[in-house]
Amino acid sequence: MTCQRQSHGFAVGVHLSRLLVLLLAGVPMSLAGAAEDPHSYANISEFRAIHASLDLSADFQTQQLSGYVDLTMTRLDDAATELKLDTRDLAVAKVELQRAPALDLPRTVGEGKADSRSARPIPLKFKLGPVDATLGAPLQITLPAKFDAKTFVVRIQYQTSPGASGLQWLTPAQTAGKQQPYMYSQSQAIHARSWIPLQDTPAVRLTYDAHIRTPPNLLAVMSAENAVDTPRNGDYRFRMPQAIPSYLFALGVGDLTFKAIGPRTGVYAEKVIVDAAAHEFADVESMVIACEQLFGPYRWGRYDMLILPPSYMWGGMENPRLTFLTPTAIAGDRSLVSLIAHELAHSWSGNLVTNASWASIWLNEGFTTYLERRIVEALYGPDRRAMEDVLGLQSVKRDIANFTQRGELQFTKLNVDLRGRDPDDSFSDIPYEKGRLFIGFLESRLGRPKLDAFLRDYFDHFAFQSVNTGDFVSYLETYLLTQPGIHITKAEVDEWMNGTGLPSTAVLPTSNAFVQVDTQRTEWLQGKRSAQQLETAKWSTQQWLNFLDNLPHDLTAARLTELDTTFKLTAATNNEIAHSWLLDAIRAGYAPAWPRLEQFLTTIGRRKLVKDLYEELLKTPDGKARATAIYAKARPLYQVPLAQQLDAMLRQN
Ligand code: BES
Ligand code: ZN
């Protein structure tokens, strides 16, 4: 109890001063407050959370987190009497108004003595509103009558559900080491509400601290300060002193060990893979240095990585100070490390300057994809960068073609309307690669030095704030388009933001290394070269991907036999290559790949690698039978939101 009081007092002191800074700066909360977030119930123009203090126990038997969160709230509207938070599948036991010493709680509230130090918490009336399939349920908390405190703390006692969409609970068998269970969170886009009741919108930023209890032999890590030498005793404390949006709240618990890479970088992983991971991602310290030279200081202290089990549905997640990573990127030859360049780059675009709602996700992902490519260029050279740019272009062109075919061209806009949509379902490469092409367009008009200066200024200007597309465009118009000698028109910018497909001003990347691959592929297809005559000895992973991704869709199984005999593609251990090959195999009905396909889909849960394989299978009756049989075995491995998407996909077909 004493302990908790102390941390409380500390926390409140910090937050009040932060609030003061915000208010004195004259840019308090107006920026993000203006726009409503259609994916949150929170009444953020009335109240804003500035700090969360978590106290949670992880129970692997029941697969639940339970405990409480103390939310420090500030009031923006004197007349407001109800606090609305986001939840999903949470069991809320109790809500109380805390009466911590440092708070300016009114003496008139509650019974008993005026000295708030001895006062007990005040129970608050609350109710969970109706459940929406996408948004969850609002938690409506009624504040006491005549309560007008500017800052106050509510304690919410709660428990998560075993099926929480933002948590994954794995049995020992589903881990690398097979001995201990593992759990991890994935809060982006709107899943934080399934493990913490809060204002689950990226428009709100808050600091946090946490007290996490786990079985004593497991280690907990968070998107916060992680002390490298924490004794492993099942009782862990964290502090995140920088204000972050809710989607960056993250927790992982497992049989983890730490291995340092550089002075401020390292990797947490299960013992059996920690060396392979540290070897694979050894360049990360150089990446941080490269990124700092390009875009200004890294402002988050350490940059560590957590290697998740293969069920993780994302490639990576930019949780601050602790990127979460799929183990499927450990290829042995560092060929897939652009993934870390990407998550690291989010330390500037995304974590420092944050999209204020998911409709502006291109501000996170488009800038980040551009930054990622610059890091790749700085470390591995322009040829490698060009290849990754072209693969990205090919992929966004496929997305545009698909949206066009489905009559959903509006989803090819950067400035997209997501009202009434689940952000998970609208996910595509548009914000990534079209966003990246937009920055490339700016570069083509400004030249690199001016673009880099603009990006640095943008990151500084909006550091630790949440912005939407409109804020960005105003900034661009005010600080860039007005400068002498800049030849970019508002109409051109508008076409990028609000037009569909790829704008006429896009500067499309090309790769000489791919031109060579394309020539060889064409000659093989025309019968001018046998598979054995293909000059693949020096091909990089990216060149193989370009070769496989661009094979015609009507190839016969016999033609794939030729490739497989020569290059052993069914046995490929690089997961991206295996994925591209399996897609070709499904299209061609190449039966020798079926055991590998099943093994792939039942051991990997990364959405990018599995979803389109199912999609492709569902196109034929035979494939559908195979998909259904494999899915029955694979489903327990998949993360909750992916399983839900695949359930729907298999049902529809
Ligand atoms: N922030 C994203 C992951 C994400 C996006 C999670 C939307 C939930 C909703 C992360 O930075 C990302 O983009 N990951 C990519 C990796 C990449 C190299 C493009 C992924 O997981 O594939
Ligand atoms: Zn990203």
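None of these values were measured; they are calculated from a predicted model.

Criteria and cut-off values
- Residues numbered from 1 in each chain as written.
- Chains lettered and ligands numbered in written order.
- Predicted model: local features only at pLDDT ≥ 70, side-chain atom pairs only at ≥ 80, totals over all residues.
- Heavy atoms only, no water.
- Pairing = 2+ DSSP bridges.
- Helix = DSSP H or I, 4+ residues; strand = E, 2+ residues; numbered from the N terminus.
- Axes fitted to C-alpha atoms, helices over the stretch in contact; angles between N-to-C directions.
- Donors = N, O, S within 2.8 Å, 3.2 Å for Na, K, Ca; no water.
- Tetrahedral: all angles 85-135°; square planar, octahedral: opposite > 155°, others 65-115°.
- Buried < 20%, exposed > 50% of the residue type's maximum accessible area, 1.4 Å probe, protein only.
- Parallel < 35°, antiparallel > 145°, perpendicular 65-115°, else oblique.
- Contact = heavy atoms within 4.5 Å.
- Nonpolar A, V, L, I, M, F, W, Y, C, P; charged D, E, K, R; others polar.
- Near = heavy atom within 4 Å.
- Polar contact = N/O pair within 3.5 Å; in protein donor to acceptor, adjacent residues only side chain to side chain.
- Domains from an automatic or database assignment.
- Buried area = accessible area lost by both parts, 1.4 Å probe.
- Salt bridge = Lys/Arg side-chain N within 4 Å of Asp/Glu carboxyl O.

A. Focus on the sheet that holds strand 14 (residues 251-254). Here four strands make up an open sheet; going across it, the order is 9-10-14-12 and the pairing antiparallel. The sheet is open, and its two edges are formed by strand 9 (167-170) and strand 12 (219-222), each paired on a single side. Between one strand axis and the next, the sheet turns by 10° as a mean value, whatever way the strands run.

B. Fine view of the coordination of the zinc ion (ligand 2). Coordination sphere of the zinc ion (ligand 2), protein contribution only: His342 (NE2), His346 (NE2), Glu365 (OE) and Glu365 (OE), at 1.9 to 2.8 Å. Here the zinc ion (ligand 2) binds six donor atoms, and the angle range of 51 to 160° at the metal identifies the geometry as irregular. Spacing between the donor residues of the zinc ion (ligand 2) along the chain follows H-x3-H-x18-E. With His342 in helix 5 (residues 338-345) and Glu365 in helix 6 (residues 361-380), this residue pair connects regions lying 23 residues apart in the sequence. For His342, a relative accessible area of 8% corresponds to the buried category. When its relative accessible area of 2% is taken as the criterion, Glu365 is described as buried.

C. Examining the packing of helix 6 against helix 7 (residues 382-405) more closely. Look at helix 6 against helix 7: their axes get within 7 Å of each other, and the N-to-C directions meet at 150°. On the basis of the axis angle, helix 6 is roughly antiparallel to helix 7. Every residue of helix 7 that contacts helix 6 at Tyr370, Glu372, Arg373, Arg374, Val376, Glu377 and Tyr380 is listed here: Pro382, Arg384, Arg385, Glu388 and Asp389. Residue classes in the contact of helix 6 with helix 7 are distributed as four nonpolar, no polar and eight charged.

D. Spatial organisation of the site of ligand 1. In the vicinity of ligand 1 there are 14 residues, among which Gln188, Gly315, Glu318, Glu343 and Tyr432 approach most closely. Here Gln188 contributes a side-chain N or O atom positioned 2.7 Å from a nitrogen atom of ligand 1. One nitrogen or oxygen atom from the side chain of His342 is found 3.0 Å from an oxygen atom belonging to ligand 1. Mapped onto the shell around ligand 1, the elements with two or more residues apiece are strand 18 (316-317) and helix 5. Sort the elements by how many residues they give to the shell around ligand 1 and helix 5 lands first, with three residues. Across the shell around ligand 1, the residue classes tally to five nonpolar, six polar and three charged.

E. Focus on the pairing of strand 14. Neither face of strand 14 is open: one carries Leu251 and Val253, the other Gly252 and Gly254, and all of them are buried. Taken together, the two bridges between strand 10 (residues 182-185) and strand 14 define a ladder with antiparallel strand orientation. Bridging from a neighbouring strand, Met183 pairs with Val253 of strand 14. By the bridge criterion, four bridges tie strand 12 to strand 14 in an arrangement that is antiparallel. In the sheet register, Met222 faces strand 14, and the bridge partner there is Leu251.

F. Focus on the domain arrangement of the protein chain. Domain annotation of the protein chain identifies domain 1 (8-157 + 185-250), domain 2 (352-369 + 380-498) and domain 3 (513-652). Computed from C-alpha coordinates alone, the two centres of domain 2 and domain 3 are separated by 30 Å. Counting from both sides, the interface comprises ten residues of domain 2 and, opposite them, twelve residues of domain 3. Summing the contributions of domain 2 and of domain 3, the shared interface buries around 830 Å²; its carbon and sulfur component is 57%. Among the residues domain 2 hides against domain 3, the three largest losses belong to Met387, Leu391 and Asp424. Together they make up 55% of the total. The interface formed by domain 2 and domain 3 includes zero salt bridges. Taken together, the connections running from domain 2 to domain 3 amount to four residue pairs in polar contact (both at pLDDT 80 or more). Residues belonging to the side of domain 2 that touches domain 3 are distributed by class as follows: four nonpolar, one polar and five charged.

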